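Results of the structural survey
Residues per chain, in single letters:
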Amino acid sequence: MRNPWKLLLYIVGGAIGIWLTAKLLLPIGLPFLLGLLLAKIAAPPARFFRRKWHFPRALASFLSVTVISAALLGVLWIVGRGLVAGAEALVARLPHLLSSLQQPLAGLRETLLKLTERLPQSLSAAAAQWIRRLFEGGSVLAGTFSEWLMGFAGTLLSLVPELVLFLLTMLLSAYLFSSEDSALRNCVKRWLPEKWTEKLYTILRRLKTAVAGYCKAQLLLMLVTFSILSVGFFLLHRPAVLPTAILIAAIDALPVFGVGSVLIPWSVISFLQGKSSLGLGLLVLYAVAGLTRTALEPRFLGKQMGLHPLLTLLSLYAGYQLFGVAGMILVPIGVILLKQLYDLAEAV
C-alpha cells in the first residue's frame, strides 16, 4: 500500500509548485516554453532538410523554424483579418441596428417603469430613476459600446510593444533550441547524474503526452461544438452557417467566453427586434452546446490526459478560481506532472 504521508507530501509540494509556476515562472518563461514547442514542431522539417539536401544543422534549423513560423503567422493573419472584417461590418451596421431597436427599447422602458410602480414606495422611485437614466436619450447603448470599443482598441495598441518583444523572444529561443538541441542535451547529461537524467526525460515524455492529450481534447470539443452549432444554424435558416459556426466554436475554446458570449447577446437583440423564434432558438442552441461541452470536457480531458473525470473537473475549477483562464490549462497539466512524479517515486 502506498504511504499516505508521502502522497500528502507530494500533493502539498505539487500545489506549491503549481502556484509558484503560475505566479512567478510562467510569466517569465512562457515565451521560452512556446519557443521550445515551436522548435519541437520544426524538428521533423529540419531533419528532412539535413537528410535530403545535406544542409548544415544551423541552416536547416533556421529554415525549418522560419517556415513553420511563417505558416503560423499566416493562419493568425487570416483569422485576425476575418475578425477585423467582422468587427468593421458590425460597426457599419450598428447605426441601423440601434435605430431598429429604438421602438422595442422604448416599449421595454415603459414596461419596466410600470413594473417599478408595483415595488414598495422606498424602492419604486430609485428603480424608476435608474431605468430612466439607463434609457436616457436613446444613446446610452451606442455610447457604452463606443466607449468599450475605443477602450479595447487602446488596450490593444498599448500591448503592441510588449507583444512584439514576446514574439521576438519566442522566435529567437526557438532558433536556439532547434540549432543547439544536442549541446543542450549534453549539458544536461554533464551536470545531472545519469539516474536523474533518465527520470527527467521520462517525466518530459509523459508531460509531452499529457499536453498533446490536452490539445487533442480541446480540438475534439471544438469539433463537437462546431457540429452542434452548424446543425442549429441550419435549422434556424441562418446565412453563412459554416463560417459562423467555426468562429463561435473557436471563441468557445476560450474558457471565459464560451458560446454564450455570442449567442446570448444575439438572442437578446433578436427578441428586441421581435424575432422571438430566432431568439428562442439561439437560447436553446446555447443551452445544448453549453451543456454538451460541460458534460464532455472532463471526460475528454481525463481520457486524453490520463486523469479521472472527477479529478479533471476539480483541477479545471480550481485552476480557474486560483489563476483564471491560464489556470484551466496549467493546473490539469500540473496534476498530471504530480502524478508522474509520484508514480516514478513509487517505482524506485
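Predicted model, so just to flag it, every value in this text is computed and none were measured.

A few points about the overall build of the chain
A tally of regular secondary structure across the chain gives eleven helices and zero strands. Mapped in sequence order, the helices and strands of the chain form the string α-α-α-α-α-α-α-α-α-α-α. Every one of the 348 residues in the chain was classed for burial, and the buried ones make up 27%. Here the contacts in the chain between residues at least 6 apart in sequence split such that 63% fall between residues at least 24 apart.

Some details on unusual backbone geometry
For residues that are not glycine, phi is negative in most cases, and the peptide bond is trans in most cases. Non-glycine residue H54 carries a positive phi angle of around 55°. In this structure, H54 sits in the loop between α1 (4-53) and α2 (57-116). You can call H54 exposed: its relative accessible area is 66%.

Some remarks on the packing of aromatic side chains
For any pair of aromatic rings, the description rests on two quantities: the centre-to-centre distance and the angle between the ring planes. In this structure the tally under the stated criterion is seven aromatic pairs. Between F49 and F55, the aromatic rings sit 6.2 Å apart at their centres with planes inclined by 35°, giving tilted as the arrangement. With relative accessibility at 15%, the residue F49 sits in the buried group. Residue classification places F55 among the partly exposed positions, given a relative accessible area of 29%. Of the aromatic side chains, those joined through ring pairs into one cluster are F48, F49, W53 and F55.

What about the nonpolar core?
Among the nonpolar cores identified, the biggest contains twelve residues, and these are I228, L229, F233, V241, A245, I248, V259, L263, L278, L282, L285 and A289. Of all the secondary structure elements, the ones that give two or more residues to this core are α6 (194-235), α7 (241-252) and α9 (276-305). Per element, the largest residue contribution to this core is four residues, and it comes from α9. If we ignore the near neighbours within four places in the chain, the residues touching L263 are L229, F233, I248, L282, L285 and Y286.

Some details on a nonpolar patch on the surface
A surface patch of nonpolar side chains, about 640 Å² in accessible area, is lined by I264, V268, F271, L280, L283, V284, Y286 and V288. Elements with a contribution of two residues or more to the nonpolar patch: α8 (260-272) and α9. Counting residues per element, the nonpolar patch draws most heavily on α9, which supplies five residues. Relative to the helices and strands, V288 is located in helix α9.

A closer look at α7
Here α7 contains twelve residues, and its C-alpha end-to-end distance of 16 Å stays within 8% of the 16 Å for a straight helix at 1.5 Å per residue. The complete set of buried residues in α7 reads V241, A245, I248, A249 and D252. The arc that holds every buried residue of α7, seen down its axis, measures 105°, which confines them to one face.

Here we look at a positive patch on the surface
Together, K40, R47, R51, K52 and K208 make up a positively charged patch on the protein surface. The element that contributes the greatest number of residues to the positive patch is α1, accounting for four residues. Among the structural elements, R51 can be located in helix α1.

Comments concerning the packing of α6 against α7
Running from amino to carboxyl end, α6 crosses α7 at an angle of 140°, the nearest separation of the two axes being 8 Å. Judged by the inter-axis angle, α6 sits oblique to α7. Relative to α7, the crossing made by α6 is right-handed. Listed contacts from α7 to M222, T225, F226, L229, S230, F233 and F234 of α6 are V241, L242, T244, A245, I246, I248, A249, A250 and D252.

Things to note about the packing of α7 against α8
Packed helices, taken two at a time, are described by the angle their axes make and the gap between the axes. At a closest axis distance of 9 Å, the pairing of α7 and α8 adopts a crossing angle of 125°. On the basis of the axis angle, α7 is oblique to α8. Between α7 and α8, the contacting residues are T244, I248 and I251 on the first element and S261, V262, L263 and W266 on the second. By residue class, the composition of the contact of α7 with α8 is five nonpolar, two polar and no charged.

So, the confidence of the model for the chain
This prediction gives the chain a mean pLDDT of 77; 76% of its residues lie at or above 70. Within the chain, the element-level pLDDT minimum falls on helix α5 (residues 181-191), averaging 69, and the maximum on α9, averaging 86.

With respect to the pattern of salt bridges
Scanning all chains against the criterion turns up two salt bridges. Residue D252 is joined to R293 by a salt bridge in which the shortest nitrogen-to-oxygen separation is 3.3 Å. Of this pair, D252 sits in helix α7 while R293 sits in helix α9, and the two are 41 residues apart along the sequence. Here E297 ties to R293 by a salt bridge, and the two come within 3.7 Å at their closest N and O atoms. On the criterion of helical spacing, the pair formed by E297 and R293 is a turn pair, its members being four residues apart in helix α9. Neither residue differs from the other here; E297 and R293 are each classed as buried. Each of the salt bridges in this network shares a partner with another, and the network as a whole consists of D252, R293 and E297.

So, how was this worked out
Residues numbered from 1 in each chain as written. Predicted model: local features only at pLDDT ≥ 70, side-chain atom pairs only at ≥ 80, totals over all residues. Heavy atoms only, no water. Helix = DSSP H or I, 4+ residues; strand = E, 2+ residues; numbered from the N terminus. Buried < 20%, exposed > 50% of the residue type's maximum accessible area, 1.4 Å probe, protein only. Contact = heavy atoms within 4.5 Å. Phe/Tyr/Trp six-rings, centres within 6.5 Å; stacked < 30°, edge-to-face > 60°. Core = buried A, V, L, I, M, F, W, Y, C linked by side-chain atoms within 4.5 Å. Patch = residues over 30% accessible without salt bridge, like charges linked within 9 Å, V, L, I, M, F, W, Y side chains within 5 Å. Areas by Shrake-Rupley, 256 points an atom, 1.4 Å probe, with all protein chains shown as cover. Salt bridge = Lys/Arg side-chain N within 4 Å of Asp/Glu carboxyl O. Expected span 1.5 Å × (residues − 1). Arc of directions from axis to C-beta. Lys, Arg positive; Asp, Glu negative; His and termini not counted. Charge placed at Lys NZ, Arg CZ, Asp CG, Glu CD. Axes fitted to C-alpha atoms, helices over the stretch in contact; angles between N-to-C directions. Parallel < 35°, antiparallel > 145°, perpendicular 65-115°, else oblique. Left-handed = near helix turned anticlockwise from the far one by under 90°. Nonpolar A, V, L, I, M, F, W, Y, C, P; charged D, E, K, R; others polar. pLDDT = per-residue confidence, 0-100.

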